[in-house]
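Coordinate inspection notes
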Amino acid sequence: MIKSLILAGSLLVGLAGCQPKTPPTTPAQTSYSQADALSAVRRYVLAQPNASLFVVDSASVVDAGPQWQVLVPRTDWAGRMPNRAAFEVSKTTGQVSTRPVK
C-alpha cells in the first residue's frame, strides 16, 4: 500500500512538471506616439478659452525621455522670443501639462 501511494505521488509530481508554464499576466503598458501626443495637445488647447491664439498645425514634437515635449506657436507672441507655448505629454498616461518657456 505504501509503495502504491509513493508511486501515485511520484506520478502526480511528474505530470505536474509537464504542464506548460504560463507567465504571470501584467497590464499592458500604453505608449503614446508623437502623433498621439500632438492629438492630446490639440484637444487640450481646443478646451482653452484662448484656443484661437495657438497654431497647433505648426507644432513641433520633441522626444524628452519619459514624455513628449510639444511646442505650439502662438499668434499673439509673433515677433518675440520665445514665440511658442510648451506642453509635455506623458508617454505612459497621455497626461498633458503646460511647461514654462524660457
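This structure is a prediction, so every number in the text was calculated from the model and none was measured.

For K91, the position within the fold is in the loop between strand 3 (84–90) and strand 4 (96–99). Here D63 takes part through its side chain, which lies 2.5 Å from a polar atom of the side chain of K91.

The subject of this paragraph is the packing of aromatic side chains. The full count for this structure, using the stated rule, is two aromatic pairs. Between Y44 and F87, the aromatic rings sit 5.7 Å apart at their centres with planes inclined by 70°, giving edge-to-face as the arrangement. One end of the pair, Y44, is in helix 2 (residues 34–46); the other, F87, is in strand 3, and 43 residues separate them in sequence. For F87, a relative accessible area of 3% puts it in the buried group. The interplanar angle of 55° and the centroid separation of 6.1 Å between the aromatic rings of F54 and F87 together place this pair among those described as tilted. Here F54 is found in the loop between helix 2 and strand 1 (60–64), whereas its partner F87 is found in strand 3, with 33 residues between them in sequence. For the pair F54 and F87, one class covers both residues: buried. Through a chain of ring-to-ring contacts, three or more aromatic side chains come together here, namely Y44, F54 and F87. Between R74 and the ring centre of F54, over which it is positioned, the NZ or CZ distance is 4.9 Å.

Residues of the protein chain with pLDDT of at least 70 account for 71%, and the chain-wide mean is 82. At the low end of the mean pLDDT range in the protein chain sits helix 1 (residues 2–18), at 50; at the high end sits helix 2, at 97. Per-residue pLDDT stays below 50 along residues 23–27; that stretch engages in zero contacts with residues further than four places along the chain or on separate chains.

Glancing now at the pattern of salt bridges. Summed over all chains, the structure comprises four salt bridges. In this structure, D57 engages R42 in a salt bridge whose closest nitrogen and oxygen atoms are separated by 3.2 Å. You can see D57 sitting in the loop between helix 2 and strand 1 and its partner R42 sitting in helix 2, a full 15 residues away along the chain. For D57, a relative accessible area of 68% translates into the label exposed. The partner of D63 in a salt bridge is K91, with the nearest N and O atoms 2.5 Å apart. Placement of the pair is D63 in strand 1 and K91 in the loop between strand 3 and strand 4, with a sequence separation of 28 residues. A residue is classified by how much of its surface remains accessible, and D63, at 47% relative accessible area, is partly exposed.

Cut-offs and rules
Residues numbered from 1 in each chain as written. Predicted model: local features only at pLDDT ≥ 70, side-chain atom pairs only at ≥ 80, totals over all residues. Heavy atoms only, no water. Helix = DSSP H or I, 4+ residues; strand = E, 2+ residues; numbered from the N terminus. Polar contact = N/O pair within 3.5 Å; in protein donor to acceptor, adjacent residues only side chain to side chain. Phe/Tyr/Trp six-rings, centres within 6.5 Å; stacked < 30°, edge-to-face > 60°. Buried < 20%, exposed > 50% of the residue type's maximum accessible area, 1.4 Å probe, protein only. Lys NZ or Arg CZ within 6 Å of the ring centre and 35° of its normal. pLDDT = per-residue confidence, 0-100. Contact = heavy atoms within 4.5 Å. Salt bridge = Lys/Arg side-chain N within 4 Å of Asp/Glu carboxyl O.

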